[in-house]
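Architecture at a glance
Below, each chain spelled out in residue letters.
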Amino acid sequence: MKILVTGGAGFIGSAVCRHLIADTDHSVVNLDKLTYAATLGSVAPIEENPRYRFARGDILDRRFVSELLDAEKPDAVMHLAAESHVDRSIDGPGDFIQTNIVGTYELLESVRAYWAKLPDSRKANFRFHHISTDEVYGDLPLDDSLFTEDTPYAPSSPYSASKAASDHLAMAWFHTYHLPVVLSNCSNNYGPFHFPEKLIPLMILNGLEGRRLPVYGRGENVRDWLYVGDHAKALALVATKGVPGRSYNIGGRNERSNLTVVETICDTLDRLAPPLNTGPRRQLIDFVTDRPGHDLRYAIDATRIETELGWRAEETFDTGLEKTIRWYLDNESWWRPIREKRYSGERLGSKTAE
Ligand code: NAD
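Throughout what follows, the structure given in this document is the object of discussion. (Residues numbered from 1 in each chain as written. Predicted model: local features only at pLDDT ≥ 70, side-chain atom pairs only at ≥ 80, totals over all residues.)

A word on the packing of helix 7 (residues 199-209) against helix 11 (residues 317-330)
Packing of helix 7 against helix 11 brings their axes to within 11 Å, and their N-to-C directions diverge by 55 degrees. As the angle between them shows, helix 7 and helix 11 are arranged oblique. The handedness of the crossing between helix 7 and helix 11 comes out as right-handed. Touching Ile200, Pro201, Ile204 and Leu205 of helix 7 are Thr324, Ile325 and Tyr328, all from helix 11. Considered class by class, the residues forming the contact of helix 7 with helix 11 number 6 nonpolar, 1 polar and no charged. (Axes fitted to C-alpha atoms, helices over the stretch in contact; angles between N-to-C directions. Helix = DSSP H or I, 4+ residues; strand = E, 2+ residues; numbered from the N terminus. Parallel < 35°, antiparallel > 145°, perpendicular 65-115°, else oblique. Left-handed = near helix turned anticlockwise from the far one by under 90°. Contact = placed C-beta atoms within 7 Å. Nonpolar A, V, L, I, M, F, W, Y, C, P; charged D, E, K, R; others polar.)

If you want it as C-alpha cells, here you go:
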C-alpha cells in the first residue's frame with residue numbers, strides 16, 4: 001500500500017513513518033507544513049529509503065493537497081497533522097480552530113474528491129484514518145471507570161474541543177458521503193523524539209540539568225501513558241484493517257498520576273545520569289498553580305482494538321520510560337538546539353505540559 005501521512009514530521013507521525021518504512025512493505029508520502037512542532041531529524045533515519053517521500057505543504061491548501069493526491073495515488077490517508085499542545089490552545093485557540101477543524105474539513109474534501117475518482121476496486125479498500133485523542137471524552141473520577149468508544153464526548157480545553165469537532169467531521173463524511181473513515185482516540189504518548197515542551201521530555205531534560213520541575217496543582221491528575229512505538233503499530237493496524245465507520249480506543253493500560261511520573265523520572269535519572277551536587281532530583285519538584293479546566297483523570301478501555309485487531313501495548317510504563325530516558329541521554333544533538341532556541345524550563349515559567 002501507499003499511505004499519505006499528514007503531520008509525519010511531528011512526534012507520533014514520525015514514529016508512524018519510521019514504523020511503516022522499517023517494519024512493513026508500505027510506501028509513505030509524508031505531508032507536513034513544518035510548524036514549530038516539527039523536526040525533520042525525527043524522520044532522518046528513513047529519509048534515504050526509496051519507499052519514503054517528504055512533501056512540504058499545508059492541509060488547509062486544497063489545491064496543493066489535491067494535486068499531491070492525484071500525483072501520488074495513495075491507498076490510505078493517515079491524518080495526524082494538528083496543533084497538539086493544550087497550554088498553547090489556552091493561550092491562543094485560533095490556530096487550533098484553523099488547523100484542527102478547518103484543516104480537517106479541507107483535507108476531507110480533498111480526499112473525498114480524489115476517492116470519488118478511484119476505480120470501484122480501489123474505492124472500497126481505501127481508508128481515511130483520522131487520529132484523535134481520549135481528551136475528547138472529558139475526564140473521569142479517581143476510580144476504576146474507563147473511556148470506551150461509546151463514552152459521550154465532553155471536551156474541556158480548546159484543544160480537545162477542536163479535536164472533538166474534527167472527529168465529528170470525519171465521521172459525518174463517512175455517514176454522508178460514505179468515505180471509508182476509521183477513527184482512533186489514544187491516551188498520552190511518550191517516547192523518543194517527543195518535543196521538549198511536553199511533560200515527560202521537559203521533566204527529563206530539566207532533571208538532567210538540575211532545573212526545577214514544575215508540576216500543576218498537587219500532581220494528582222492521572223493519565224494513561226502509551227509508548228509511541230506501540231501506538232505507531234496500533235495506528236498501522238487501524239489504517240489497514242479497521243472497519244469503516246468504527247472508532248478504536250488505544251491505550252497502554254499504564255495509569256500514573258503526574259507526580260508519580262515525575263518522581264519516576266527523577267529516580268531513573270539519579271540511576272542513569274551523572275548525579276547532581278544538590279542531591280536527589282526529587283528535590284527539584286515545584287508545585288505550581290493548576291491549569292484552568294485541568295481534567296482530573298483519563299483512562300482508556302482498549303478492549304476493541306485488542307480483540308478485533310489483535311493489538312496490545314508491549315511496553316510497560318517502566319520499560320518504556322527507561323528506553324525514553326536513555327534515548328534523551330544518547331541524543332542530545334536532537335534536543336539541545338530545540339531546547340536552547342525556545343523551550344528551556346526557565347522560559348516555560350510556571351507552565352508544565354502534556
Ligand atoms: P505534534 O505537534 O508533535 O505534530 C504535529 C505535526 O503536524 C507537526 O509536524 C506539524 O508541522 C504538522 N502540522 C501542523 N499543522 C499543519 C498543517 N496545517 N498542515 C500540515 N501539517 C501540519 O503532534 P503529535 O503529538 O505527534 O500528535 C499527532 C496527532 O495525534 C494529533 O492529531 C494529536 O491531536 C493526536 N494525539 C496526540 C497525543 C499525544 O500524546 N501526543 C495523544 C492523543 C492524540
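Here's the deal with the sheet that holds strand 7 (residues 188-190)
The sheet built from 3 strands is open, its strands ordered 7-9-11 with mixed pairing. In this open sheet, the two strands that pair with only one neighbour each are strand 7 and strand 11 (255-257). If you compare each strand with its neighbour and ignore which way they point, the axes differ by 50 degrees on average. Strands in contact with helix 8 (residues 228-241) are strand 7 and strand 9 (222-227); relative to strand 9, the strand with the most contacts, it is inclined by about 70 degrees. (Pairing = 2+ DSSP bridges.)

A look at unusual backbone geometry
Only a minority of non-glycine residues have a phi that is not negative, and only a minority of peptide bonds are not trans. The phi torsion at Lys73 lies on the positive side, around 50 degrees, for a residue other than glycine. Along the chain, Lys73 turns up in the loop between helix 2 (62-72) and strand 4 (76-79). Its identity is not glycine, yet Phe193 carries a phi of approximately 65 degrees, on the positive side. Tracing the backbone through its elements, the reader meets Phe193 in the loop between strand 7 and helix 7. Classification of Phe193 by C-beta neighbours within 10 Å gives buried; the count is 23. (Buried ≥ 20, exposed ≤ 12 C-beta atoms within 10 Å, placed from the backbone.)

Some thoughts on the site of the ligand
Around the ligand there are 30 residues in total, and Gly7, Gly10, Ala38, Ala81 and Ala82 lie nearest to it. Of all elements in the fold, only helix 1 (11-23), helix 4 (94-116), strand 5 (127-133) and strand 7 reach the threshold of two or more residues within the shell around the ligand. Taken together, the residues of the shell around the ligand break down into 14 nonpolar, 12 polar and 4 charged. (Near = placed C-beta within 6 Å.)

Digging into the packing of helix 7 against helix 9 (residues 258-272)
As a packed pair, helix 7 and helix 9 sit with axes 10 Å apart at the nearest point and diverge in direction by 40 degrees. Between helix 7 and helix 9, the interaxial angle falls into the category oblique. As helix 7 runs across helix 9, the sense of the crossing is right-handed. Facing helix 7, whose interface residues are Leu199, Ile200, Met203, Ile204, Gly207 and Leu208, helix 9 presents Asn258, Val261, Val262, Ile265, Cys266 and Leu269. Among the residues forming the contact of helix 7 with helix 9, the class breakdown is 10 nonpolar, 2 polar and no charged.

Structural notes on the pairing of strand 8 (residues 213-216)
Of the two faces of strand 8, the one carrying Leu213 and Val215 and the one carrying Pro214 and Tyr216 are both buried. Here strand 8 runs beside strand 12 (residues 285-288); their pairing, made up of 4 bridges, is parallel. Residue pairing in the sheet places Pro214 in a bridge with Asp286 of strand 12.

What about the sheet that holds strand 10 (residues 247-250)?
Here 7 strands make up an open sheet; going across it, the order is 3-2-1-4-5-6-10 and the pairing parallel. Only two strands of the sheet have a single neighbouring strand rather than two, namely strand 3 (52-56) and strand 10. For this sheet, the mean angle separating the axes of adjacent strands, direction not counted, is 20 degrees. Both strand 1 (residues 2-6) and strand 4 contribute to a ladder of 4 bridges, which runs parallel.

A word on helix 9
Think of an α-helix as turning once every 3.6 residues; residues three or four places apart then point the same way. In this model helix 9 runs 21 Å from its N-terminal to its C-terminal C-alpha over 15 residues, within 8% of the 21 Å that 1.5 Å per residue would give. Turning to helix 9, its buried residues number three or more, namely Asn258, Val261, Val262, Ile265, Cys266 and Leu269. Projection of helix 9 onto a plane perpendicular to its axis shows the buried side chains occupying an angular sector of 135 degrees, all on one side. Buried-residue contacts for helix 9 involve helix 7, strand 8, strand 9, strand 11, strand 12 and helix 11. (Expected span 1.5 Å × (residues − 1). Arc of directions from axis to C-beta.)

What about helix 7?
Most of helix 7 sits out of view: 10 of its 11 residues are buried. The set of residues buried in helix 7 consists of Leu199, Ile200, Pro201, Leu202, Met203, Ile204, Leu205, Asn206, Gly207 and Leu208. Note on helix 7: the residue one or two positions beyond its end, Gly210, has a positive phi of about 75 degrees.

Examining the environment of Tyr298
Relative to the helices and strands, Tyr298 is located in the loop between strand 12 and helix 10 (303-308). Given 23 C-beta atoms within 10 Å, Tyr298 falls into the buried group. Distance from Tyr298 to Glu255, taken between C-alpha atoms, is 8.3 Å for residues 43 residues apart in sequence. Beyond its immediate chain neighbours, meaning those up to four positions away, Tyr298 contacts Asp134, Glu135, Asp139, Leu140, Phe147, Ser187, Arg223 and Asp224.

Without other data, these values stay purely geometric and don't point to any function.
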